[in-house]
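Structural overview for review
Each chain, letter by letter, is given below.
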Amino acid sequence: MVKQRVAQLEYSEFQSAMLDEEKRRRKAAKIIAVIEHFNGPLGGLTVGDVGCSAGFIADELAQAGARHTLGVDIDVPGLRKAADRFGERVAFVCGDGTALPFPDGSVDVLVFNHIYEHVVDPDAVVAEMHRVLSDGGVLYLGLGNRLGVMEPHYKLPFLSYLPPAAADRYVRASGRADHYYERFRTRRGLRRMLRAFHVWDYTFPVLATPTRFAGSELFPGALGRVVKAVLARAPRAVLRLLLPVVPTYLWVATKTPRRPAGAALPQPPEPVRPL
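Fair warning: this is a prediction, and the values are worked out from it, not measured in the lab.

1. Examining the pairing of strand β4 (residues 107-113)
- Summarising burial for β4: six of the seven residues are buried, a large majority.
- The sheet contact formed by strand β1 (residues 46-50) and β4 spans three bridges and is parallel. Pairing of Val47 across the sheet is with Val109, part of β4.
- Where β4 lies against strand β5 (residues 133-144), six bridges are found, and the strand directions are parallel. Its bridge partner lying in β5, Leu110 is registered against Leu139.
- Taken together, β4, helix α5 (residues 122-132) and β5 constitute a β-α-β crossover, and its handedness is right-handed.

If you want it as structure tokens, here you go:
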């Protein structure tokens, strides 16, 4: 039988990646670079990290100049660690993403980075983020793709392609878990999830110019330099053919129509057609 999905409480207690400070801070640098390319500096803004866990990304947002920084999660052990270290700079709140404890339109920037596959009702969380985001605000999204070949949590090929019961059997057979909790969506499903927003796709801009977006580790060595050069020069029509199977999408969403404010890039961000 497939187990009923319930909220993943105390996620940092069994997912050590949430406590990998160096890696989390590198992710934060990329997130901030994307947000600032689209929206400009964070100085003077109210910023929230939904699914903040141990708080490393929220701390980086605060140090980037945010006037108020908020971290929200149901991971109580992670929040305790975060508050102990960063509580002077960040206000951490134990709260469910489906009922964010903020007034309508009160947050200028929200970060929702690789979280949706872990929550019971991602559509409800997205609706809540739409409610609390200001009319001129920006939502950063790191979104795993169901059709990415290598599943990112268990490193098993095609795991996310499978229906729940088969996925459970696969992770048990691998010896890596007794249950596959995560639920990914395809690009089409993600577009539907974000249908209330206006969305820009930063996936190829980041891949083609990783140093611009604090992602130099994406393509190390000589082979990496070749791949980066190919991505920077490839016709966009060719790159679009890869979109259905790109493992992660990096999107920026707004409530009202806007365009990126940053400088021109070899592979510029493109609007995501709504469903």
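Following the structure, the description resumes.
2. Comments concerning a positive patch on the surface
- Taken together, Arg188, Arg192, Arg195 and Arg273 make up a surface patch of like positive charges.
- Following the sequence through the fold, Arg188 ends up in helix α7 (residues 187-193).
- Take Arg188: its relative accessible area is 48%, and that puts it in the partly exposed class.

3. Concerning the packing of aromatic side chains
- Applying the stated criterion to the full structure yields six aromatic pairs.
- Here the aromatic rings of Phe56 and Phe86 are separated by 5.9 Å at their centres, their planes lie at 70 degrees, and the arrangement is edge-to-face. A residue pair is termed long-range when its members are at least 10 positions apart, and Phe56 in helix α3 (residues 56-63) and Phe86 in helix α4 (residues 76-86) qualify at 30 residues. Each member of the pair, Phe56 as well as Phe86, is classed as buried.
- Between Tyr154 and Tyr180, the aromatic rings sit 5.8 Å apart at their centres with planes inclined by 70 degrees, giving edge-to-face as the arrangement. Here Tyr154 is found in the loop between β5 and α6 (164-174), whereas its partner Tyr180 is found in the loop between α6 and α7, with 26 residues between them in sequence. Both residues of the pair, Tyr154 and Tyr180, count as buried.
- Cation over ring: Arg187 sits above Tyr249, and NZ or CZ is 5.0 Å from the ring centre.

4. Focus on the pattern of salt bridges
- Counted by the stated rule, this structure contains 13 salt bridges.
- Here Glu21 ties to Arg85 by a salt bridge, and the two come within 2.8 Å at their closest N and O atoms. One end of the pair, Glu21, is in helix α2 (residues 21-39); the other, Arg85, is in helix α4, and 64 residues separate them in sequence.
- Take Arg85: its relative accessible area is 48%, and that puts it in the partly exposed class.
- Linking Arg236 and Glu270 is a salt bridge whose minimum nitrogen-to-oxygen distance equals 3.8 Å.

5. Overview of the UniProt feature "domain: Methyltransferase type" (unreviewed entry) in the chain
- Sequence positions flagged by UniProt for "domain: Methyltransferase type" (unreviewed entry) are, in local numbering, residues 49-141.
- The span residues 49-141 is 32% helix and 30% strand, and its two end C-alpha atoms sit 11 Å from each other.

6. What about the side chain of Glu128?
- Along the chain, Glu128 falls in helix α5.
- Polar contacts involving the side chain of Glu128 include one to the side chain of Arg131, which spans 2.7 Å.
- Those residues in contact with Glu128 that sit more than four places away from it in its chain are Gly97, Thr98, Ala99 and Leu100.

7. With respect to α2
- Relative to the 27 Å expected for 19 residues at 1.5 Å per residue, α2 spans 26 Å between its end C-alpha atoms, a close match to the ideal helical length.
- Those residues of α2 that fall on the buried side of the exposure criterion are Arg24, Arg25, Ala28, Ile31, Ile32, Ala33, Val34, Ile35, His37 and Phe38.
- Gly40 occupies a position one or two residues after α2 and carries a positive phi of about 95 degrees.

Thresholds applied
Residues numbered from 1 in each chain as written. Predicted model: local features only at pLDDT ≥ 70, side-chain atom pairs only at ≥ 80, totals over all residues. Heavy atoms only, no water. Buried < 20%, exposed > 50% of the residue type's maximum accessible area, 1.4 Å probe, protein only. Helix = DSSP H or I, 4+ residues; strand = E, 2+ residues; numbered from the N terminus. Pairing = 2+ DSSP bridges. Right-handed = clockwise from strand over helix to strand, strands pointing away. Patch = residues over 30% accessible without salt bridge, like charges linked within 9 Å, V, L, I, M, F, W, Y side chains within 5 Å. Areas by Shrake-Rupley, 256 points an atom, 1.4 Å probe, with all protein chains shown as cover. Salt bridge = Lys/Arg side-chain N within 4 Å of Asp/Glu carboxyl O. Lys, Arg positive; Asp, Glu negative; His and termini not counted. Charge placed at Lys NZ, Arg CZ, Asp CG, Glu CD. Phe/Tyr/Trp six-rings, centres within 6.5 Å; stacked < 30°, edge-to-face > 60°. Lys NZ or Arg CZ within 6 Å of the ring centre and 35° of its normal. UniProt positions renumbered as here; feature names shortened; annotations may be inferred. Polar contact = N/O pair within 3.5 Å; in protein donor to acceptor, adjacent residues only side chain to side chain. Contact = heavy atoms within 4.5 Å. Expected span 1.5 Å × (residues − 1).

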